[in-house]
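# Summary of the model geometry
Spelled out from the first residue to the last, the chains are:
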Amino acid sequence: MGKTLTYKILENHLIAGEMIPGSEITIKIDQTLTQDSTGTMVYLQLEAMDAEKIKTELSVAYIDHNTLQTGFENADDHAFIKSVAQRHGVVFSKPGNGICHQLHLENYGIPGKTLLGSDSHTPTGGGLGMIAIGAGGLDVAVAMAKGTYSLNVPKVIGVKLTGKLPMWSSAKDVILHVLKELTVKGGVGNVVEYFGEGVKTLSVTDRATITNMGAELGATTSVFPSDENTKEYLTLQGRCGDYLPLAADEDAVYDKILEVDLSAIAPLAAMPHSPDNVAAVSEIGEIKVDQVAIGSCTNSSYTDLMKVAAILKGKKVHPDVSLVISPGSSRILAKMAENGALADLIMAGARVIECACGPCIGMGQSPKSGAVSLRTFNRNFKGRSGTNDAEVYLVSPETAAISAITGVLTDGRKTDVVIPEIELVEMQPLDSYTVSPCGHCKANTEVEMGPNIKPFPRNTELPETVSVEITLKAGDNITTDDIMPSDSRLLPYRSNVPHLSNYCFEKIDAEFAKRCQAVPACAIAGGDNYGQGSSREHAALAPLHLGVKFVVAKSFARIHRSNLINSGILPLVFADASDYDDITLGDTLVIENAPSQVKANEIIVKNVNTGKEYKTLPNLSDLETEMILAGGKINYLKKA
Ligand code: MIC
Ligand code: SF4
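Our subject in this report is the structure included herewith. This is a predicted model, so every value here is computed, not measured. (Residues numbered from 1 in each chain as written. Chains lettered and ligands numbered in written order. Predicted model: local features only at pLDDT ≥ 70, side-chain atom pairs only at ≥ 80, totals over all residues. Heavy atoms only, no water.)

## Here we look at the overall build of the protein
Looking only at helices and strands, the protein has 21 helices and 27 strands in total. In terms of overall dimensions, the protein is globule-like: its C-alpha atoms have a radius of gyration of 23 Å, near the 26 Å expected for 640 residues. For the protein, the spread of C-alpha atoms along the three principal axes comes to 70 × 55 × 50 Å. Per-residue burial over the protein gives 64% buried out of 640 residues. (Helix = DSSP H or I, 4+ residues; strand = E, 2+ residues; numbered from the N terminus. Rg over C-alpha atoms; globule rule 2.2 N^0.38 Å. Buried < 20%, exposed > 50% of the residue type's maximum accessible area, 1.4 Å probe, protein only.)

Here it is, written out as structure tokens:
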């Protein structure tokens, strides 16, 4: 039986376990990446593990999220990360270099390697034929210290591409189409693997746009074959030696196949407030637009921005629109300054800002009240832009650029604007950029700790009886942005969990933190796909600090579930989903003989108020059971 590319790469890295879907394996991790908003925790944890020289082939610490520096906090975090990076032999990428995923693609991604990143969009590397997985910070810290990562063997969804994208349809529309088909939970437990004739019509950066937003499917990761386009891309980055051709076997068997004819893809948009709420731009109609934001790890490549520049050249941004552009890397920006495209953007009236995540994570450029904002980003969760009542639509760079000119959501096919083919260009060699000293471990480097950097919370061993009060009953598809909001006000506190926890669930229920603080122990009831979205482990650490002992839900998103377990918080799944309806805010729930129930992987939760008992299934692997019993991953590692 032929093998999928996913299984070939995983098998190549297999350290323990068997390649049986659903069972736990441990794989070798070749590379890791961190960014600053999750990175401070990662490096505090790495320090707490008394790790010395890292065990990966390459680990990179990027600074790209918290670059506003409205107070000392961000810059202190940067200095902390830089000093720890140096201590452990991690490459440090300065703020201003660009967005971690774009930079990693340009400078370090290698076909066939494994990459673990403390950011949910790490699968961007799948565009180069890597198995690139997003994980919680602690998992990445452990991968650095030990060079390994454990995961459940995924199933593989094959997406068969045929045809070629017409003008005005782009890679973004392909992934929006896939999201419409599969939904935000359609990828859970799966790798999405692309194959077929259509693959060769997509550039590496197109492929990276698609694998990047595979995160929104809830997938473990997404991957493309590595072919002549990969070779050309790597060669232009000055890294032809890193090329390796890779593909699934001709007769590879997929668990499910989705066929996509690229020639039939129309310009699409994800409407408020979910990336899978997708419709054709022509169907949505010409709604008035207030802001257009182009950039983010999804759509900030050289080709994307050159297309935008070509559309804007010689035209003016509509007087009622604010167009903001954040390029993916300083190399791209430098190229566009050299070839004149930057001037085309500026002359058209674009606001070109720093090469960083910026508006994508609400770090500035929040739209006006009630605004319609078109964004080339990957998430349009309510409030993420920093403006709670803004209506955010996710679109391609082409649709964004043409709409910035017309002032309304526009299907470019209805205009006479022609987008030229963009030729890929050679990029400057890495050493002319400000990535500072490569991976040499200087164990005696002193760690710089600013006053805002506080120790991360630690759990304690699982007690015999767990008795809690329900302090929140949440609905379906709760995001980690809902649990631990992030914007320019809160991001400076990513290294200060005690402060951050006061804002936990702030947008859903402003009293949540206070309610938790008033009782000795608490728990959350959730619906389906609890914890989708960002990998931020703060969405587990803040509840841990507030005394949350378990979350009982209909189902969990992958990364958040792991983050809960790493923090020693039980993720319990209702055996009978209708039990959810029995729970009310303020109910007292009790788990008796907790350790032995955890070992049995079946837990009875008693509701003292209603007298009802709920059967719940934590679905823990052996390793996860140990972690829960020990009160989290760090405690487990210290004991092991
Ligand atoms: C995001 O897009 O939400 C982030 C910010 O990049 C996160 C990480 C974080 O919350 O720091 C992610 O996607 O993992
Ligand atoms: Fe940064 Fe946005 Fe990408 Fe997250 S999704 S890594 S905030 S650009």
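## Let's talk about the site of ligand 1
For ligand 1, the set of nearby residues contains 14 residues, the closest of which are Ser37, Asp119, Ser120, Arg384 and Arg536. The contact in question runs from an oxygen atom of ligand 1 to an N or O atom on the side chain of Gln35, over 3.2 Å. Between ligand 1 and Arg494 there is a distance of 2.8 Å, counted from an oxygen atom to a side-chain nitrogen or oxygen. Looking at side-chain class alone, the shell around ligand 1 contains one nonpolar, eight polar and five charged residues. (Near = heavy atom within 4 Å. Polar contact = N/O pair within 3.5 Å; in protein donor to acceptor, adjacent residues only side chain to side chain. Nonpolar A, V, L, I, M, F, W, Y, C, P; charged D, E, K, R; others polar.)

## Examining the layout of surface pockets
Its boundaries defined by the atoms lining it, the largest pocket holds a volume of some 930 Å³. What lines the largest pocket is a set of 38 residues, among which Asn152, Arg558, Arg561, Ser562 and Glu624 lie closest to the centre. When contributions to the lining of the largest pocket are tallied by element, the ones reaching two or more residues are β2 (24-28), α5 (137-146), β8 (148-152), α18 (558-566), α20 (622-630) and α21 (633-639). If you tally residues by element for the lining of the largest pocket, the top one is β8, at five residues. Of the residues that constitute the lining of the largest pocket, the class distribution is 15 nonpolar, 14 polar and nine charged. Roughly 610 Å³ of internal volume is contained in the second largest pocket. Along the wall of the second largest pocket there are 24 residues; nearest its centre are Lys164, Thr201, Asp206, Lys307 and Glu421. At the level of secondary structure, the elements contributing two or more residues to the lining of the second largest pocket comprise α8 (228-236) and α10 (302-312). Residues belonging to the lining of the second largest pocket are distributed by class as follows: 10 nonpolar, six polar and eight charged. (1 Å grid on protein atoms, 1.4 Å probe; cavity = no way out; pocket = protein on both sides within 12 Å on 5 of 7 lines; lining within 4 Å. Points joined across faces, edges and corners; volume = space filled by probe spheres on them.)

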